[in-house]
Amino acid sequence: MKKKVQREKSERGVEDINSKTAGLNQEKCQSIEEYQCTGNLEADFLEVTALLGISEIPTVTVRDRPAVSPSVEKGVGGSTESQPWGPKRQLQVELESDDPKSVKAVKVFGWKVDEAMVKALNKILPSLNNLQTLHLWQAHLTLHTLACLKPTLPLCCNLRTVVLEGNPMIKHSFHLLLSEDSNIVHLSLRHNQIEEEGARLIGSALSTIHSANKNLISLNLAFNSIGDAGAKHIAQGLRLNRSLLCLSLANNHIGDAGAVLLAEILSPFSLTHEEVVERRKLKACRDQSPTPGSDRPVSIPSSLCVDQNASKVPKAPAKKKDKPSGSISGVGKKEEPKIAKKVSDTKVQKSRPKSEPRDRQPSCMESEARGRGTYTHTSHKVRRVMIKKNMKFKNCLNCKEDVFSKSNSALLLQDKSNLGQNKADGGEIASPLLDPGVQHIGGKLIMPGNTALTSLNLSGNLLTEKSVQFFCSSLQAQGDRGGLLRLSLSRNHFSSDCKAFLKIQELMTHKDPLNKSSAAQTEDGQGLAE
C-alpha cells in the first residue's frame, strides 16, 4: 500500500512539473515576435501558424530529390509532379540531404497566400540557410502581399531563384523585385498579364541612364501579352543593362515593330540626347575624382635621393658672412688646406676604387666634381654625419626590403582579384555610357551594342521576314566579339526557307558552344533557343 501511494504521489508530481513547463513555454512565446525559429521548417511552420491564429494550416510535404524516378515519386505523401495542386493545401519542400534543416526549395501550388501566411513565411524563410528557390504558382498574390514579402527576400542569404507564375495583378508591382539591392539571379514571371504598363516598369528596373540592375542573369516574361509597346520598353531597358544573359519573351504578341527595336540594341546604336548629357556628366565626375594611383603606399626614397637631399643641407655655414675665397663651397681661407687634402683623397680613391665603402654611393655633386677632377665639401663633420645617416637609412631599408616586397606582392594580388571582381560586377566601367568603344560617327555618338545578352527567346510571336532580316544584320555586326549564342524564332509568321532565317541558323551553328543545331527543342516559354 505504501509503495502504491508513493507511486501516485510521484506521478502527480511529474504531471504538475509538465503542466508548469508547458505554461512557461506558452508564456515565453505568446507572440510571433518572441518565437525563435530553429531552421526546421516543419516544426517552425506549425508553431508560427498557431501563434498567428491560422485555422487551416497547410501540411508540409517533403518531396523526393530529383534523382528519384517519377514512378517512385508518385507514392510519396501524395505530392507528385503531375498533381502539384491537389485537394489539400500543401507547402511542398525539397531537401538537399536527409537533414530536415537542409531545405533548398519551398513551393506553393494552387492555394492563396494571404497576409497571415506571408507573415508566417517572413518569419520562417530567413532561418533557412540553404534556401535557394521560392516558387509561388497561382498563389493569388496581391500588391500588398508582394510588398510585404519583398523585404524578406534579401534576408535569405542563398536565395537566388524566385518563380512567381500565374499571379495576375490589377496594379503591377513585379518590378519591385528588380531593384538595385535585389539579390535575385533568376526570375520567372510567366502568365501574370503584365502587358504594356508592367513591361514599362520592368524595363525601367532593368536600366535607366542613372541606374541599372546588376544581379539578375535570367528573366522569363513569357505569356504576358506585352505586345510591341511592351517590347519597346524592354528594349529600352536593355540599352544600358550589362548583366542580363537570358531573356524569354515567348508568346507575347510581339510583331515586327517591337522585334526590330530588340534587334537594334544588339548592334551598335546611337546615343540619345539625354544619354549624351549623362555621359558628359559622368566623364566630368571621373576626371575630377582622384586617380587610383593616389591610394598607393608612399614609396621609400632611394639612397641617391638621400644623398641629393643631404648635399643641400650644409648651407648653414654660409650665414657666417666670411669673405669668399674663390672656392666652390664658399668657405673661408682656413678651410683651404682641408680642401687640398680632400682633393688628394679623391685622387687616391681613383687609383684605389676598392677601398671605397661598398654601402656608400657618391652624391651628384661628388660625381660631377670627379668628372672635373676636384670637388669640395663644407666640413669633415658634416660629411661624417651625412655618411652615418646614409648608412643607418640603408640598413633600415635592407631590413625592410623583404617585408616591403611581400606587402607589395600581396597588394598586387589583391589588385588583380579586385580587378577581376570589378570586371564581373561592371565596376571597372561605372556605366556603359563610359565604354571606351563609343565612337563619333557622322556627328553622332555610336555605342557598341548589347553583347552581354547571350540567349533570346521570341518563339510564338508575330515576326515576319522583315524583323528576321534585322536580327540577321545585328548578328553579323556582332561577329565573333560575343553577343547572342542562342536565338529562338520558332512558331512565327515566316517560312522556314527564309534566307535571313537560314543565315541566322548558320551563324548560330558557329557561335553556339554546344552546337545544338540538329533539331528544334520543345519550347514553352522556357527561354531555350534553337
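Conventions we followed
Residues numbered from 1 in each chain as written. Predicted model: local features only at pLDDT ≥ 70, side-chain atom pairs only at ≥ 80, totals over all residues. Heavy atoms only, no water. Helix = DSSP H or I, 4+ residues; strand = E, 2+ residues; numbered from the N terminus. Buried < 20%, exposed > 50% of the residue type's maximum accessible area, 1.4 Å probe, protein only. Contact = heavy atoms within 4.5 Å. Areas by Shrake-Rupley, 256 points an atom, 1.4 Å probe, with all protein chains shown as cover. 1 Å grid on protein atoms, 1.4 Å probe; cavity = no way out; pocket = protein on both sides within 12 Å on 5 of 7 lines; lining within 4 Å. Points joined across faces, edges and corners; volume = space filled by probe spheres on them. Nonpolar A, V, L, I, M, F, W, Y, C, P; charged D, E, K, R; others polar. Polar contact = N/O pair within 3.5 Å; in protein donor to acceptor, adjacent residues only side chain to side chain. pLDDT = per-residue confidence, 0-100. Pairing = 2+ DSSP bridges. Axes fitted to C-alpha atoms, helices over the stretch in contact; angles between N-to-C directions. Parallel < 35°, antiparallel > 145°, perpendicular 65-115°, else oblique. Phe/Tyr/Trp six-rings, centres within 6.5 Å; stacked < 30°, edge-to-face > 60°. Expected span 1.5 Å × (residues − 1). Arc of directions from axis to C-beta.

## Some words on the overall build of the protein
Consideration 1: A count of helices and strands for the protein gives 15 helices and 13 strands.
Consideration 2: Across the 530 residues in the protein, those meeting the buried criterion constitute 37%.
Consideration 3: Partitioning the intrachain contacts of the protein with sequence separation of at least 6 by distance along the chain shows that 77% fall at a separation of at least 24.
Consideration 4: Looking at the protein as shown, the accessible area adds up to about 31200 Å², and 54% of this sits on carbon and sulfur atoms.

## Description of empty space enclosed by the protein
Consideration 1: Within this structure, the stated rule accounts for 3 cavities of 30 Å³ or more.
Consideration 2: In this model, the second largest cavity occupies a volume close to 50 Å³.
Consideration 3: Forming the boundary of the second largest cavity are Lys150, Leu153, Pro154, Leu176, Leu177, Ser179, Ser182, Asn183 and Ile184.
Consideration 4: Looking at the lining of the second largest cavity residue by residue, the class counts come to 5 nonpolar, 3 polar and 1 charged.

## Thoughts on the environment of glutamate 115
Consideration 1: Assignment of secondary structure puts glutamate 115 in helix 4 (residues 115-124).
Consideration 2: Looking at glutamate 115, the relative accessible area reads 40%, which means it is partly exposed.
Consideration 3: Along the backbone, glutamate 115 and threonine 145 are 30 residues apart, and their C-alpha atoms lie at a distance of 5.9 Å.
Consideration 4: Sequence-distant contacts of glutamate 115, that is, excluding residues within four places in its chain, are made with His144 and Thr145.
Consideration 5: At a separation of 3.4 Å, a polar atom in the side chain of glutamate 115 contacts the side chain of histidine 144.

## Let's talk about the side chain of asparagine 252
Consideration 1: Of note, asparagine 252 is situated in the loop between strand 8 (246-248) and helix 8 (256-264).
Consideration 2: At a separation of 3.1 Å, a polar atom in the side chain of asparagine 252 contacts the main-chain carbonyl oxygen of leucine 249.

## Brief notes about the confidence of the model for the protein
Consideration 1: On average, residues of the protein score 74 in pLDDT, and 60% of them are at 70 or above.
Consideration 2: Below pLDDT 50 for its whole length, residues 13-27 participates in 1 contact with residues either more than four positions away or in separate chains.
Consideration 3: Scored below 50 in pLDDT, residues 363-383 makes 34 contacts in the model with residues more than four places away or belonging to other chains.

## Here we look at the pairing of strand 2 (residues 90-95)
Consideration 1: Across the 6 residues that make up strand 2, a large majority, 6, are buried.
Consideration 2: A two-sided burial pattern is seen for strand 2, the buried positions comprising Gln90, Gln92 and Glu94 on one face and Leu91, Val93 and Leu95 on the other.
Consideration 3: Sheet topology places strand 2 next to strand 3 (residues 103-109); 5 bridges connect them, and they run antiparallel. Across the sheet, the residue bridging to leucine 95 is valine 103, located in strand 3.

## Considering the pairing of strand 11 (residues 444-447)
Consideration 1: Here strand 9 (residues 269-270) pairs with strand 11 via 2 bridges, running antiparallel. For phenylalanine 269, the partnering residue across the bridge sits in strand 11 and is methionine 447.
Consideration 2: Alignment of strand 10 (residues 439-441) against strand 11, held across 3 bridges, turns out to be antiparallel. Looking at the pairing, glutamine 439 lines up with isoleucine 446 of strand 11.
Consideration 3: Counting the residues that bridge the hairpin from strand 10 to strand 11 gives 2 residues, and of these glycine 442 lies at a positive phi of roughly 60°.

## Side note on the sheet that holds strand 4 (residues 133-137)
Consideration 1: Strand order in the open sheet made by the 10 strands is 1-2-3-4-5-6-7-8-12-13, with mixed pairing throughout. Looking at which strands have only one partner, the edges of the open sheet turn out to be strand 1 (59-63) and strand 13 (486-488). Pairs of neighbouring strands in the sheet enclose a mean axial angle of 10°, with direction left out of account.
Consideration 2: The sheet contact formed by strand 7 (residues 218-220) and strand 8 spans 3 bridges and is parallel.

## A short note on the packing of helix 6 (residues 195-206) against helix 7 (residues 227-238)
Consideration 1: Contact geometry of helix 6 with helix 7 gives a least axis separation of 7 Å together with a crossing angle of 5°. Taken together, helix 6 and helix 7 sit at an angle that is classed as roughly parallel. Within the contact between the two elements, helix 6 uses Glu196, Ala199, Arg200, Ile202, Gly203 and Leu206 and helix 7 uses Ala229, Gly230, His233, Ile234, Gly237 and Leu238.
Consideration 2: Class assignment for the residues of the contact of helix 6 with helix 7 results in 6 nonpolar, 4 polar and 2 charged.

## Observations regarding the packing of aromatic side chains
Consideration 1: This structure, assessed with the given rule, holds 2 aromatic pairs.
Consideration 2: Judged by centre distance (6.2 Å) and plane angle (55°), the rings of phenylalanine 109 and tryptophan 137 are tilted. Placement of phenylalanine 109 in strand 3 and of tryptophan 137 in strand 4 is noted, with a sequence separation of 28 residues between them.
Consideration 3: Relative to phenylalanine 501, the ring of phenylalanine 494 has its centre 5.2 Å away and its plane inclined at 55°; by these criteria the two rings are tilted.
Consideration 4: In this structure phenylalanine 501 comes out as buried when scored by relative accessible area, which is 8%.

## Topic: the environment of valine 108
Consideration 1: Note on placement: valine 108 falls in strand 3.
Consideration 2: Between the alpha carbons of valine 108 and histidine 135 there is a distance of 6.2 Å; along the sequence they are 27 residues apart.
Consideration 3: In this view, valine 108 contacts Leu91, Val113, His135, Leu136, Trp137 and Ala139; residues no more than four positions away in its chain are not counted.

## What to know about helix 9 (residues 273-288)
Every α-helix carries 3.6 residues per turn, so stepping three or four residues along brings you back to the same face.
Consideration 1: Spanning 16 residues, helix 9 covers 23 Å between terminal C-alpha atoms, matching the ideal 22 Å at 1.5 Å per step.
Consideration 2: Buried within helix 9 we find Glu275, Val276, Glu278 and Arg279. For helix 9, the angular spread of the buried residues around the axis is 165°, confining them to a single face. Among the exposed residues of helix 9, those pointing more than 90 degrees away from its buried face are His273, Arg280, Lys281, Cys285 and Gln288.
Consideration 3: Its buried side turned inward, helix 9 meets helix 7 and strand 11.

## What to know about unusual backbone geometry
Consideration 1: Of note in the backbone geometry, glutamine 138 takes a positive phi value of approximately 50° without being a glycine.
Consideration 2: As for its position among the elements, glutamine 138 is in the loop between strand 4 and helix 5 (143-149).
Consideration 3: A positive phi angle, near 60°, is found at glutamate 195, a position not held by glycine.
Consideration 4: The topology assignment puts glutamate 195 in helix 6.
Consideration 5: Exposure remark for glutamate 195: the relative accessible area of 40% places this residue in the partly exposed category.

## Some details on helix 4
Consideration 1: Those residues of helix 4 that sit buried are Met117, Val118, Ala120, Leu121 and Ile124. Each buried residue of helix 4 lies within a common arc of 160° when the element is viewed along its axis, so the set occupies one face.
Consideration 2: Those residues of helix 4 hidden inside the fold are in contact with helix 2 (41-51) and helix 5.

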